[in-house]
Amino acid sequence: MHRTSTTPPSGPTAAPSAAPVPGPSLPETQKRILVILLASQVLSGVGLAAGVTVAALLAQDMLHSTTLAGLPSALLTAGSALAAVIIGRVSQTRGRRPGLAAGYLAGALGGAGVVAAAALDSPALLFISLFLYGAGTAANLQARYAGADLAAPRHRARALSTVLVATTLGGVVGPNLTAPAGHLAAALALPPLTGLFLISSAAFALAALTLLIWLRPDPLLLARTLPTEPETPERTCPEPAPDVPQPAPHRRPSLPLGVLVMVLSQLVMVAIMTMTPVHMHDHGHSTAASGLVIALHVGAMYLPSPLTGTLTDRYGPTAVAAASGLTLLAAGVLAAAAPADSVLLLTLALVLLGIGWNFGLVSGTTIITNTVPLATRAKTQGTVDVAIAIAGATGGMTSGIVVAAASYPLLALTGAAFALALLPAVIVTAQKKSPRTSSSEDR
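Attention in this report is confined to the structure presented alongside it. Keep in mind that what you see is a predicted model, and the values were worked out from it rather than measured.

Notes on the pattern of salt bridges
Okay, so step 1: Counted under the stated rule, the structure contains three salt bridges.
Okay, so step 2: We note a salt bridge from D149 to R96, for which the minimum N-O separation is 2.8 Å. One end of the pair, D149, is in the loop between α7 (123-148) and α8 (156-165); the other, R96, is in helix α6 (residues 96-120), with 53 residues separating them in the sequence. Side by side, D149 and R96 carry an identical accessibility label, which is buried.
Okay, so step 3: We note a salt bridge from D313 to R158, for which the minimum N-O separation is 2.9 Å. Of this pair, D313 sits in helix α17 (residues 305-315) while R158 sits in helix α8, and the two are 155 residues apart along the sequence.

Description of the nonpolar core
Okay, so step 1: L37, L58, L100, Y104, L130 and F197 are the most contacted members of the largest nonpolar core, which totals 48 residues.
Okay, so step 2: Among the secondary structure elements, those contributing two or more residues to this core are α3 (26-53), α4 (55-63), α5 (71-94), α6, α7, α10 (178-187), α11 (195-214) and α12 (219-225).
Okay, so step 3: The greatest single-element share of this core, amounting to nine residues, is contributed by α6.
Okay, so step 4: Filtering out sequence-adjacent residues up to four positions away, L37 remains in contact with L100, A143, A146, G147, V163, L211 and L215.
Okay, so step 5: Counting 45 residues, the second largest nonpolar core, distinct from the first, contains A148, M280, A335 and Y408.

Looking at the packing of aromatic side chains
Within a pair of aromatic rings, the relevant descriptors are the distance that separates the centres and the angle that separates the planes.
Okay, so step 1: By the definition in use, this model includes four aromatic pairs.
Okay, so step 2: Ring centres of Y104 and F204 lie 6.0 Å apart, and the angle between their planes is 25°; this geometry places the pair in the stacked category. A residue pair is termed long-range when its members are at least 10 positions apart, and Y104 in helix α6 and F204 in helix α11 qualify at 100 residues.
Okay, so step 3: For Y104, a relative accessible area of 0% puts it in the buried group.
Okay, so step 4: With 5.3 Å between their ring centres and 65° between their planes, Y133 and F197 make a pair best called edge-to-face. Placement of Y133 in helix α7 and of F197 in helix α11 is noted, with a sequence separation of 64 residues between them.

Some points on the packing of α8 against α17
Okay, so step 1: Packing of α8 against α17 brings their axes to within 8 Å, and their N-to-C directions diverge by 170°. Comparing their axes, α17 and α8 come out roughly antiparallel. Between α8 and α17, the contacting residues are R156, A157, R158, S161, L164 and V165 on the first element and S305, P306, G309, T310, T312 and D313 on the second.
Okay, so step 2: Residue classes in the contact of α8 with α17 are distributed as four nonpolar, five polar and three charged.

Structural notes on the environment of L348
Okay, so step 1: Within the fold, L348 resides in helix α19 (residues 343-371).
Okay, so step 2: Classification of L348 as partly exposed rests on a relative accessible area of 42%.
Okay, so step 3: For the pair formed by L348 and H297, sequence separation is 51 residues and the distance between their alpha carbons is 8.6 Å.

Things to note about unusual backbone geometry
Okay, so step 1: Backbone torsion omega between R216 and P217 reads 0°, so that peptide bond is classified as cis.
Okay, so step 2: Inspection of the secondary structure puts P217 in the loop between α11 and α12.
Okay, so step 3: Notably, D121 is not glycine yet its phi reads approximately 55°, a positive angle.
Okay, so step 4: Turning to its location among the elements, D121 is positioned in the loop between α6 and α7.
Okay, so step 5: The exposure class of D121 is exposed, given its relative accessible area of 53%.
Okay, so step 6: For A189, which is not a glycine, the phi torsion comes out positive at approximately 60°.

Observations concerning the side chain of T312
Okay, so step 1: Along the chain, T312 turns up in helix α17.
Okay, so step 2: By relative accessible area, which is 3% here, T312 ends up buried.
Okay, so step 3: Of the polar contacts made by the side chain of T312, one reaches the backbone oxygen of T308; its length is 2.7 Å.
Okay, so step 4: Here T312 is in contact with A157, P317, V320, V362, S363 and T366, once residues within four sequence places are set aside.

With respect to α17
Okay, so step 1: Residues of α17 that are buried: S305, T308, G309, T312 and D313. One side of α17 carries all its buried residues, which in axial view fall inside an arc of 130°. Looking at α17, the residues exposed on the side facing more than 90 degrees away from the buried face are L307, R314 and Y315.
Okay, so step 2: If you follow the buried residues of α17, they end up packed against α8, α16 (287-302), α18 (317-337) and α19.
Okay, so step 3: Of the residues flanking the end of α17, it is G316, one or two places downstream, whose phi is positive at about 100°.

Criteria and cut-off values
- Residues numbered from 1 in each chain as written.
- Predicted model: local features only at pLDDT ≥ 70, side-chain atom pairs only at ≥ 80, totals over all residues.
- Heavy atoms only, no water.
- Salt bridge = Lys/Arg side-chain N within 4 Å of Asp/Glu carboxyl O.
- Helix = DSSP H or I, 4+ residues; strand = E, 2+ residues; numbered from the N terminus.
- Buried < 20%, exposed > 50% of the residue type's maximum accessible area, 1.4 Å probe, protein only.
- Core = buried A, V, L, I, M, F, W, Y, C linked by side-chain atoms within 4.5 Å.
- Contact = heavy atoms within 4.5 Å.
- Phe/Tyr/Trp six-rings, centres within 6.5 Å; stacked < 30°, edge-to-face > 60°.
- Axes fitted to C-alpha atoms, helices over the stretch in contact; angles between N-to-C directions.
- Parallel < 35°, antiparallel > 145°, perpendicular 65-115°, else oblique.
- Nonpolar A, V, L, I, M, F, W, Y, C, P; charged D, E, K, R; others polar.
- Polar contact = N/O pair within 3.5 Å; in protein donor to acceptor, adjacent residues only side chain to side chain.
- Arc of directions from axis to C-beta.

Below, the structure written as structure tokens:
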């Protein structure tokens, strides 16, 4: 009896006590990765501020012309387009960490180049540096994909929106640093408008270091080592719940819609946003006033992300895409109708513009991520972001021309017309998907 009682500890039941301690679970790893991405997004959000707030004003001062005031935005987004391809390919082969960090380091170098260009009064160096600076913007946007790499399908929109919302803090604080950053630049015998680029360059560099040191394990590389993709359990269910994304073959027709939503959202947002500080400056508003408007606009671009992600997961990306078109339409009409001396109405219009962009980015990104298989996801996401960047470059470049040839209200109304064009595409997609949905429910 005594032997029998002492046998189990030395038998098979003793194996668990001798087994190695398991590593962190997948949900724990995902939470840690999100925390690191949040930290880098806060820093890179500050980096975004300079390009949005003072780049057009700096070019206007150096070129003594409003016609090319939209060129900096075009160069930023063109640089973002090239960087999106590179970041996507590097991420595809080596993981998210080196891809995103390289983008932020390039953005930091571009910010330093802008400061040097202004000090030397060299427009050529300014344009080259702004092009390079766009890489930081590309990395900031592509970080949202890293947040969704390990997320379950029904939570992907919330995961990527969590990463996006972290940009709010830096994006709101950044533009409001315009005045103190100008004093810093003046103390260093530099043009006041370069102060924000000094701070932004340092912020991009810190974002890169944050990822290089702490983004371990790499979310994309880890996702590839898993035995199955996160969506596999849902795919094996004979009757998936209505809020669970359908298998890739059924989602694939939505890919063009995802691209269209993000492209049009970017085009409308960049065009109106770029010329708003110039419009306010031309009507006697201070740099601090335009900085406040842009700060609230950037906050509206990212702050609603958790709510947008929840709505997207619950009601589907198509419904949120329709909301994007309607919100951007309202923003364009309000910006056109707002009196030039009304900071309040211009602020409300830019807030709506940011919310509409957020709806479009979260819904479009969710469609793309759900559609593309993991094996080629990073490369395809980078290619899609190229289209987004080209749309932004087009909006930024043409916005100054439209305002110089006509007016800011006409530019805003043109943006509203583009937003309105998004709605038929959403309606057609919803009609195509409804028979399939109903048939699955009938089964």
